Amino acid sequence: MSAELTADHVPARRVSARIAAIAESATLAVDAKAKALKAAGRPVIGFGAGEPDFPTPDYIVEAAVAAARQPKFHRYSPAAGLPELRSAIAEKTMRDSGYAVDASQVLVTNGGKQAVYESFATLLDPGDEVIVPSPFWTTYPEAIRLAGGVPVEVFAGPEQGYMVTVEQLEAAVTPRTKVLLFVSPSNPTGAVYSPEQTREIGLWAASKGLWVITDEIYEHLTYDGVPFTSIATAAPELGDRLVILNGVAKTYAMTGWRVGWMIAPLDVTKAATNMQSHATSNVANVSQMAALAAVAGPLTAVDEMKVAFDRRRKAMVSALNAIDGVECPTPHGAFYAYADVRGLLGREIGGIRPATSAELAALILDKAEVAVVPGEAFGPSGYLRLSYALGDDDLAVGVARLQEFLGSAKA
Ligand SMILES: Cc1ncc(COP(=O)(O)O)c(C=O)c1O
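Attention in this report is confined to the structure presented alongside it. (Residues numbered from 1 in each chain as written. Predicted model: local features only at pLDDT ≥ 70, side-chain atom pairs only at ≥ 80, totals over all residues. Heavy atoms only, no water.)

### Overview of the site of the ligand
And step 1. Residues in close proximity to the ligand include G111, G112, K113, W137, Y140, N187, D215, I217, Y218, A249, K250 and R258, which together make up its full environment.
And step 2. Measuring from an oxygen atom of the ligand, one finds a side-chain N or O atom of K250 at 2.7 Å.
And step 3. A distance of 2.7 Å is found between an oxygen atom of the ligand and a side-chain nitrogen or oxygen belonging to R258.
And step 4. Calculation on the ligand without its partners gives an accessible area of 390 Å², and the protein chains cover 92% of this total.
And step 5. In this structure the site holding the ligand corresponds to the largest pocket.
And step 6. For the shell around the ligand, the leading source of residues is helix α6 (residues 111-123), giving three residues. (Near = heavy atom within 4 Å. Polar contact = N/O pair within 3.5 Å; in protein donor to acceptor, adjacent residues only side chain to side chain. Areas by Shrake-Rupley, 256 points an atom, 1.4 Å probe, with all protein chains shown as cover. 1 Å grid on protein atoms, 1.4 Å probe; cavity = no way out; pocket = protein on both sides within 12 Å on 5 of 7 lines; lining within 4 Å. Sits in = over half its atoms within 2 Å of the grid points. Helix = DSSP H or I, 4+ residues; strand = E, 2+ residues; numbered from the N terminus.)

Written out as structure tokens, the structure reads:
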């Protein structure tokens, strides 16, 4: 081929506009930076990662070891998931959400993240709008945009417990709205909607004819006696315009095993399975067998983890609220505290005056050697997300450093 001909055929862009528009996951980026600094010998405390510090329970690991020894699990298996796992997920959904589904409605995915991506890809046409309560988990808007959809953010600040109201949703709905995203307990805020709020929002969505995609991945992590409410059972009026997302990562300390799922009406599940059959096929069988042991087994391990998370939650929230310029509402779910740091912005800290929470987070990492995720990753500036799913000793050192560093802020 002549050089001239090649030049003629060089496309204008190397990376497509669609993919170039995707931002790096800010939470993973903060975690990677903290780990790199740690590897370089800096004593960084990481409040960035959204993963339990506990090992996966032994009986789950044993199930994986046994599966790895069976040649049938060395082969391809059905793209939608192992039939026994799909059935166990259907049963578990009845146990935990009170919602009756058939195993055929379950699609086993490569982590909850793939379920998020596939559900938006399956439901959205270009220009379809999705109402996304904010602060939101950083992946949702990217998954919506990748599918050609338009995320419409509805912000709820700390004065309303980071929970949106029906009035706010009503103001955001348009003739292009197809989906409402509902996440409780929430990442990044830890907010948990009450049964009444959940029903009210579900009824509103039903009255508008919207689909609801609900992410229940933190269902077992609630505190202070606050119950988890599934919008599926709180508002049966939604009928079949409902997709439930979930996974084993948070409940069973299985973030690295990569098993999640989506539950949808049969036509949607079938369409999503077709897509997955071309993209990734079945999830690793060994991981699926581990997930089977998890979802078909007891909830004792998560109950034990919860005791530790609860202790750390209280320690972190009271330490944060003791810092002048920081306000942190008590989170009732997940394992995150979402601190309002607007009172610190513009003040002199460590020799500079951070104007945004992104600048403040960078300063904290550099000067106090503590990794936190800035609010910009989840919505407006002015907030920091701190995960308390780390060891008690590290947590104590980290919050002491924050108190000392941020406590030095001058007017
Ligand atoms: C709200 C929420 N949904 C889904 C996920 C996906 O988890 P995974 O892909 O590890 O199963 C996460 C992980 O951080 C999350 O916070």
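### Observations concerning helix α11 (residues 266-279)
And step 1. Relative to the 20 Å expected for 14 residues at 1.5 Å per residue, α11 spans 20 Å between its end C-alpha atoms, a close match to the ideal helical length.
And step 2. Looking only at α11, the buried set comprises V268, T269, A272, T273 and Q276. Each buried residue of α11 lies within a common arc of 135° when the element is viewed along its axis, so the set occupies one face. Of the residues in α11, the exposed ones pointing more than 90 degrees away from the buried face are D267, K270, N274 and H278.
And step 3. If you follow the buried residues of α11, they end up packed against β2 (106-109), α6, β6 (211-215) and β8 (260-263). (Expected span 1.5 Å × (residues − 1). Buried < 20%, exposed > 50% of the residue type's maximum accessible area, 1.4 Å probe, protein only. Arc of directions from axis to C-beta. Contact = heavy atoms within 4.5 Å.)

### A short note on empty space enclosed by the protein
And step 1. Inspection of the entire model under this criterion finds three cavities of 30 Å³ or more.
And step 2. Size it by volume and the largest cavity reaches roughly 150 Å³.
And step 3. What lines the largest cavity is a set of 16 residues, and nearest its centre among them are P133, P135, V183, S186 and Y193.
And step 4. If you list the elements that add at least two residues to the lining of the largest cavity, you get β3 (129-134) and β5 (177-183).
And step 5. If you tally residues by element for the lining of the largest cavity, the top one is β5, at three residues. (Points joined across faces, edges and corners; volume = space filled by probe spheres on them.)

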